[in-house]
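Chain by chain, the residues run as shown.
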Amino acid sequence: MDLSVTSNDGKNKICIDNLIAARKSLKLSLEKSKILGLALEKAGPRLEEINQRLPSLEAAVRPIRADKDALAAVGGHINRAVGPAAAVLKVFDAVHGLEKSLLSDPRNDLPGYLSVLKRLEEALRFLGDNCGLAIQWLEDIVEYLEDNRVAEGRYLSNLKTSLNGLRELQNDGERIHLDGGLLDAALDKLENEFRRLLTDHSVPLPMSSPSLGEQACIAPSPLPVTVIQKLQAILGRLIANNRLEKCITIYIEVRSSNVRASLKALDLDYLEISVSEFNDVQSIEGYIGQWGKHLEFAVKHLFEAEFKLCNDVFERIGLDVWMGCFAKIAAQAGILAFLQFGKTITESKKEPLKLLKLLDIFASLNKLRLDFNRLFGGVACIEIQNLTRDLIKSVIDGAAEIFWEIFIQVELQRQIPPPKDGSIPKLVCFITEYCNKLLGDEYRPILTQVIVIHQSWKHKKFQEVNLVNEVLKIIKAVDLNLETWVKAYGDGTPSCLFAMNSHWHLYKHLKGTKIGELMGDAWLKEHEQYKEYYAAIFLRESWGKLPGHLSREGLILFSGGRATARDLVKKRLKTFNEAFDDMYKKQSGWVISERDLREKTCQLIVQTILPVYRSYMQTYGPLVEQDASSSKYAKYTVQGLEQMLLSLFQPRRERYGSFKGRPTGSKFDNGVDLRRTASAVV
């Protein structure tokens, strides 16, 4: 055997063994690599998770690296910061727990609602007081952590950003952000409930009987006590939250509207009338009478009630508040319109009748003087006070001016010729009735008071006796006017008729009156005697002459025959008829105003003429009745003559003025005269 071959075979065997061993080693390595790959594949996510947790782990480990003293102090800082913050969060949660109750309707349980609202206010006060403190503590701990590098910077940055946001919210509308607007919503609901309570219980006062009469001066409170208590409770919470002005606005709006509704039943449109809308005071005389009654009712019942109610509701707040509230209600409800109407009357043109109306206005205001002082005496009612003072001054000035001018106007009328029909001058009719009213029980004390006040402004004294003397002076001026006018007639007959008319008017209308009493019985008797005197002259000088035309002279002893007697009768009847026709035509336009005097005068004329005429016609009528022209002489029957005489002196319809019917000529013209034309007398 060859040794070299053997040697090669051994080497090959060794190589094969090595290869087999290498293969096994490689196979084992591949299996290990595969296992390692799988392990690495599984470890990847874990490494990523570890990588993500490293910052927090680093932050957690950092305190271990921090200063030992800083680590020891950080616990106390954190506890002090977390305590207030935890308390704030607890209260904040409690606030949200009140939301359901506060968003419900307060009318269902007002006391409970107010109690919950008060808890909300207390919670918000706590939050307002402590939120800033909690934020400050948190800011302090962040600053400490930052200064001592105890916490990770990114964490501290986020925390500082959050705290800055809280600080900004605190400085900008703290309460709104604390409760999410819950308190404002609750207060709005309370305001609505305040309005509802007022509206539901504000019922217009029934005023179906404006004649008023003597009613109670103090009206009862128009709201039940329980409602007032609820209003006061609501006010307490609203005032605590600076909502008083809104409450007052609501109260004024509701209550003034209620008063206006009460006054609407009185039909007060006349209060808006202007001076240009009426000709004279008499055209709105009825409104002036209503004005006094309506003003009294409004003051003593409506405004009195509002005054009391304002005090009841707002008394706990203060006098200025409730007086200011009442002043606005009174102004908006219509008291200013009442006063302005009175001012309008004072600005109308001056006339005698206006004096009486001004006295009516003064009497109404004077009757309410104490009420006005009590209700409208506060500073808040200064506008009402000023307008009232201005009205009273205008009334007094206007009344005094008219009163003092009456005598002057009566004297001026003396220059005007008397009426052509012999009737009573309007001046006489007007002044006698006017002066009777001025000295009557209704107007005398009022006029005296007005003149006393007016004279006191001039530092002069005036008493009731001065008023009486002034009025009597006016009557004496009228008397003098009559004497002047009697003399002004050229013809004696119309002069007698005029004198008879005027003297009887004075006697009749002043007897039994205050003026008649003051002038005295002798003065009245003198006028009665003058009437009789002038009546006798009038009859004698006019109708008394007619019977003489029916003389029987020459007819009884006449011997000339029937024809001659007939001619004489015809002649005398013709003369009588002509005289009668002339007299009747002349006096048919004359007037005797007083019915009793007119009827008596007509009867006297009838008694003067008719018996003579009847007897004459019975005796001598047959002489002319058979004549073809008898109608020319037997012109009147006895009955026809009587009817004609009884129809004399009739007044023309609405011929004379008085306080009841407007005397067209008896008024001041722009404050100058009663009217200086003949129409004032005619």
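Residues numbered from 1 in each chain as written. Predicted model: local features only at pLDDT ≥ 70, side-chain atom pairs only at ≥ 80, totals over all residues. Heavy atoms only, no water.

Quick notes on the overall build of the chain
To keep it simple, the criterion reads: Secondary structure follows DSSP: runs of H or I at least 4 residues long count as helices, runs of E at least 2 residues long count as strands, and numbering of each begins at the N terminus. For every residue, the accessible area (1.4 Å probe, protein chains only) is compared with the maximum for its type, and the residue is labelled buried under 20%, exposed over 50%, or partly exposed between those bounds. Whether two residues touch is decided by their heavy atoms; if any such pair falls within 4.5 Å, the residues are in contact. Where accessible areas are quoted, they stem from the Shrake-Rupley method and a 1.4 Å probe; at the residue level, only the protein chains shown are allowed to cover.
The helix and strand tally for the chain stands at 24 helices and zero strands. When each of the 682 residues of the chain is scored for burial, the buried share is 45%. Intrachain contacts of the chain at a sequence separation of at least 6 include 84% that bridge at least 24 residues. Element-wise, carbon and sulfur atoms account for 54% of the exposed surface of the chain, whose accessible area totals about 36200 Å².

Some points on the nonpolar core
Spelled out, the test is: Residues grouped as a nonpolar core are buried Ala, Val, Leu, Ile, Met, Phe, Trp, Tyr and Cys residues, joined through side-chain atoms within 4.5 Å.
By size, the foremost hydrophobic cluster in this structure holds 164 residues, and its most contacted members are Tyr-251, Phe-303, Ile-335, Leu-355, Phe-376, Ile-431 and Trp-543. Setting aside chain neighbours within four positions, we find Ile-335 in contact with Leu-295, Val-299, Phe-303, Ala-330, Phe-372, Phe-376 and Ile-384.

Observations concerning the packing of aromatic side chains
Cut-off, in case you're wondering: Note on ring pairs: Phe, Tyr and Trp rings are taken, using the six-membered ring of Trp, and paired if centres are within 6.5 Å. Classes follow the plane angle, with under 30 degrees stacked, over 60 edge-to-face and the rest tilted.
As enumerated under the stated definition, the model contains 25 aromatic pairs in all. Each ring, one from Phe-576 and one from Tyr-613, has its centre 5.3 Å from the other, and the planes form 20 degrees; the classification is stacked. Residue Phe-576 is found in helix H22 (residues 562-587), and its partner Tyr-613 is found in helix H23 (residues 595-625); the two are separated by 37 residues along the sequence. Here the two residues Phe-576 and Tyr-613 agree in accessibility, since each one is buried.

Digging into unusual backbone geometry
A positive phi angle, close to 60 degrees, is found at Asn-242, a residue other than glycine. Within the element layout of this structure, Asn-242 appears in the loop between helix H8 (225-240) and helix H9 (244-264). For Asp-267, which is not glycine, the phi dihedral falls at a positive 55 degrees. Within the secondary structure, Asp-267 is located in the loop between H9 and helix H10 (285-314).

Overview of helix H19 (residues 492-510)
Here is the rule we go by: What a helix should span is 1.5 Å times the count of its residues minus one.
With 19 residues, H19 ought to run about 27 Å at 1.5 Å a step, and its terminal C-alpha atoms sit 27 Å apart, in line with that. Remark: Gly-512 follows H19 within two positions and exhibits a positive phi of approximately 80 degrees.

Focus: the pattern of salt bridges
Rule in force here: Salt bridge criterion: a side-chain nitrogen from Lys or Arg within 4 Å of a carboxyl oxygen from Asp or Glu.
Inspection of every chain in the model, using the stated rule, returns 32 salt bridges. Note that Lys-343 is salt-bridged to Asp-390, the shortest N-O span being 3.8 Å. Placement of the pair is Lys-343 in helix H12 (residues 335-346) and Asp-390 in helix H15 (residues 382-413), with a sequence separation of 47 residues. Taking relative accessible area as the criterion, Lys-343 reaches 13% and is therefore assigned buried. Between Lys-600 and Glu-532 there is a salt bridge, with the nearest N and O atoms lying 3.6 Å from each other. Note that Lys-600 is positioned in helix H23 and Glu-532 in helix H21 (residues 521-541), a separation of 68 residues in sequence. Of the residues examined, Glu-532 reaches a relative accessible area of 36% and is grouped as partly exposed.

Quick notes on the packing of H10 against helix H13 (residues 352-367)
We apply this condition: Angles shown run from 0 to 180 degrees and are taken between the N-to-C directions of axes, each axis being a line fitted to C-alpha atoms and, for helices, limited to the stretch in contact. Note on angle classes: values under 35 degrees are labelled roughly parallel, values over 145 roughly antiparallel, values of 65 to 115 roughly perpendicular, and the remainder oblique.
The geometry of H10 relative to H13 is characterised by a closest axis approach of 9 Å and an angle of 5 degrees between their N-to-C directions. As the angle between them shows, H10 and H13 are arranged roughly parallel. Along the contact surface, H10 presents Glu-285, Ile-288, Trp-291, Gly-292, Leu-295 and Glu-296, while H13 presents Leu-353, Lys-357, Ile-361, Ser-364, Leu-365 and Lys-367.

Considerations on the state of the cysteines
What counts here: Any cysteine sulfur atom paired with another within 2.5 Å is treated as part of a disulfide.
The full count for this structure, using the stated rule, is zero disulfides. No disulfide involves Cys-325; its sulfur sits 4.2 Å from the nearest other cysteine sulfur, which is in Cys-310.

Some details on the environment of Lys-246
For the record, the criterion: Under this definition, polar contacts are N or O atom pairs within 3.5 Å; protein pairs additionally need one hydrogen-donor-capable and one acceptor-capable atom, and for neighbouring residues in sequence, both atoms have to be side-chain atoms.
Within the fold, Lys-246 resides in helix H9. In this structure, the C-alpha to C-alpha distance between Lys-246 and Glu-191, residues 55 residues apart in sequence, is 8.0 Å. Here the side chain of Lys-246 touches Glu-191 through a polar contact of 3.3 Å, side chain to side chain.

Structural notes on the side chain of His-503
Inspection of the secondary structure puts His-503 in helix H19. Owing to a relative accessible area of 8%, His-503 belongs among the buried residues under this scheme. Sequence-distant contacts of His-503, defined by excluding residues within four places in its chain, comprise His-527, Tyr-530, Lys-531 and Tyr-534.

Examining the confidence of the model for the chain
Under the convention used in this document: Every residue carries a pLDDT, the predictor's confidence in it, which falls somewhere between 0 and 100.
On average, residues of the chain carry a pLDDT of 78, and 72% of them reach 70 or more. When the criterion is pLDDT under 50, residues 654-682 qualifies, and its contacts beyond four places in sequence or with other chains add up to 87 contacts.

Details of the environment of Gly-544
On the secondary structure map, Gly-544 appears in the loop between H21 and H22. Residue classification places Gly-544 among the partly exposed residues on the basis of a relative accessible area of 33%. Sequence separation between Gly-544 and Ile-609 is 65 residues; the distance between their C-alpha atoms is 7.5 Å. Every residue in contact with Gly-544, bar those within four places of it in the chain, is listed here: Leu-539 and Thr-608.

Structural notes on the packing of H9 against H10
Quick note on the threshold: Handedness of a crossing follows from how the near helix is turned relative to the far one, being left-handed for an anticlockwise turn of less than a right angle and right-handed for a clockwise one. Just so you know the grouping, Ala, Val, Leu, Ile, Met, Phe, Trp, Tyr, Cys and Pro go in nonpolar, Asp, Glu, Lys and Arg go in charged, and all remaining residues, Gly too, go in polar.
Between H9 and H10, whose axes approach to 11 Å, the crossing angle comes to 160 degrees. Judged on the interaxial angle alone, H10 and H9 are roughly antiparallel. Crossing of H9 over H10 shows right-handed handedness. Across the interface between the two elements, Ile-248, Tyr-251, Arg-255, Val-259, Ser-262 and Leu-263 from H9 touch Ala-298, Leu-302, Phe-303, Glu-306, Leu-309, Cys-310, Val-313 and Phe-314 from H10. Taken together, the residues of the contact of H9 with H10 break down into 11 nonpolar, one polar and two charged.

Here's the deal with the side chain of Thr-388
Looking at the element boundaries, Thr-388 is found in helix H15. In this structure Thr-388 comes out as buried when scored by relative accessible area, which is 11%. For Thr-388, the contacting residues outside a window of four places in its chain are Leu-339 and Phe-372.

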